[in-house]
Protein chains: 2
Amino acid sequence: MPPPRHPRSPLTHAQVVDTALTILARVGLPDLTMRAIGSELGVQQSALYHHYANKQALLGSVADEILARGSRTPSHDATWQERVRLRCQDLHAAVTGYPDGADLVMSMWAFGMGAQAPFDELRGLLADAGLPDDVAPTAARTLLHFVYGHAYDEQSHAHATRSGIVTAHRTPSDFETGLDIVVTGIAARLPD
Amino acid sequence: MPPPRHPRSPLTHAQVVDTALTILARVGLPDLTMRAIGSELGVQQSALYHHYANKQALLGSVADEILARGSRTPSHDATWQERVRLRCQDLHAAVTGYPDGADLVMSMWAFGMGAQAPFDELRGLLADAGLPDDVAPTAARTLLHFVYGHAYDEQSHAHATRSGIVTAHRTPSDFETGLDIVVTGIAARLPD
DNA sequence: ACCTGAACACCGTTCAAGT
DNA sequence: ACCTGAACACCGTTCAAGT
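Please read these numbers as outputs of a predicted model, since none were measured by experiment. (Residues numbered from 1 in each chain as written. Chains lettered and ligands numbered in written order. Predicted model: local features only at pLDDT ≥ 70, side-chain atom pairs only at ≥ 80, totals over all residues. Heavy atoms only, no water.)

A. Up close: the protein's contact with DNA strand D. The local shell around DNA strand D holds 19 residues, among which A:Tyr49, A:Lys55, B:Gln44, B:Ser46 and B:His51 are the closest. Each atom of DNA strand D within 4 Å of the protein was classed as base or backbone; sugar and phosphate made up 44%. Contacts to DNA strand D include A:Tyr49, whose side-chain N or O atom sits 2.7 Å from a phosphate oxygen. Within the contact set of DNA strand D, a phosphate oxygen lies 2.7 Å away from a backbone nitrogen or oxygen of B:Gln44. Considering only residue class, the surface near DNA strand D consists of six nonpolar, nine polar and four charged. (Near = heavy atom within 4 Å. Polar contact = N/O pair within 3.5 Å; in protein donor to acceptor, adjacent residues only side chain to side chain. Nonpolar A, V, L, I, M, F, W, Y, C, P; charged D, E, K, R; others polar.)

B. Focus on the nonpolar core. If you look at the biggest cluster of nonpolar residues, it comprises 112 residues, and the most contacted ones within it are A:Leu126, A:Leu143, A:Tyr148, B:Leu126, B:Leu143 and B:Tyr148. Non-local contacts of A:Tyr148, meaning those with residues more than four positions away in its chain, are made with A:Leu67, A:Leu91, A:Val95, A:Ala102, A:Val105, A:Met106, A:Trp109 and A:Pro118. (Core = buried A, V, L, I, M, F, W, Y, C linked by side-chain atoms within 4.5 Å. Buried < 20%, exposed > 50% of the residue type's maximum accessible area, 1.4 Å probe, protein only. Contact = heavy atoms within 4.5 Å.)

C. Highlighting the pattern of salt bridges. Under the counting rule described, the total for this entry stands at 18 salt bridges over all chains. Among the ionic pairs, A:Asp120 bridges to A:Arg123, the shortest N-O distance being 3.4 Å. Residue A:Asp120 and its partner A:Arg123 are both found in helix α6 (residues 117–128); the two are separated by three residues, about one turn of the helix. Between B:Arg69 and B:Glu65 there is a salt bridge; the shortest N-O distance is 3.2 Å. Overlapping salt bridges, with partners in common, bring together A:Asp18, A:Glu65 and A:Arg69 in one network. (Salt bridge = Lys/Arg side-chain N within 4 Å of Asp/Glu carboxyl O. Helix = DSSP H or I, 4+ residues; strand = E, 2+ residues; numbered from the N terminus.)

Now the structure itself:
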């Protein structure tokens, strides 16, 4: 059932990404097909290839949109640890806000197709904190590996219990504890 | 071209897993299809479903086999840090030993289908080191998130450069630095 | 320029039927 | 018990053709 999309008005990237996010929220990544996106937009799946080179490019934009939403601004007197924590907590929230969000963002980031803003921000925060240039990128990646890995685990766990597989439970404070471990390890790398 | 498989001898799990690993090494995860495995074994793809409930279960065994190979034994006077590092280095080597190995192991572990031995070992090492029971599992997971996340990045980077996408380079010591950050952060959680 | 409609070359999985 | 052969219900992607 195609929604009341204005006939003969060309598709915009924003429309496509918004629709993809809606479908992702409803049915998850495995059912986010080109056919589903096209059908929700009242268009043939082949029409999407006039706007994106392939599905990966489209999903890259979707990942960017997931990450762009809702990042809080730290107070001016916040320490670098508090800034880094806040950014990681927001990233965690953004990514777990959609089913399979961690899976999607992780793969797009690793393949270099979008989702690179968080890395740049974290590297910037760590550089401002005084972390040497040869360790700041590594530390930023380590933070992201933890944030995405933890979120991926949580969301897979949801899938697994849905299909009757028993896995270990995850405390709400589990993320905070792990984040504290990584931030403490980074702090030890500061000069002085 | 089916290899000289003894006719009418029932398929064993070891045969299937070995064949899957051979194909994985040759063509990567996207082309590791049920048809490819069957054809390499000289059997119809449907025959595999007599031994595994589905593809995920088969890939779970493959992930276990990848992880089971080549883990060195630490010397008796090694500190817990050295033991943990050694285990993580071996895991990193095992997982990067096959194309898309990190992707495969990560998803199987997260979905609770095999690949759980490394978690149990690391948790044990950390518990022996004196880490409290409420933080040892979290710390073990944090290590695995880093190891798998880093390996996943490296391997995706290989894919991306193959398809002409520019990404940041990764120093050989990058893994060691990140590992040091996490281990240092864990050490700060020890009592005394 | 933008989209349709139909096809191509695949997937994982199921299942009656054979031995 | 183990496997075949064929089908089912899908995929992502391409491409001539329309407007």
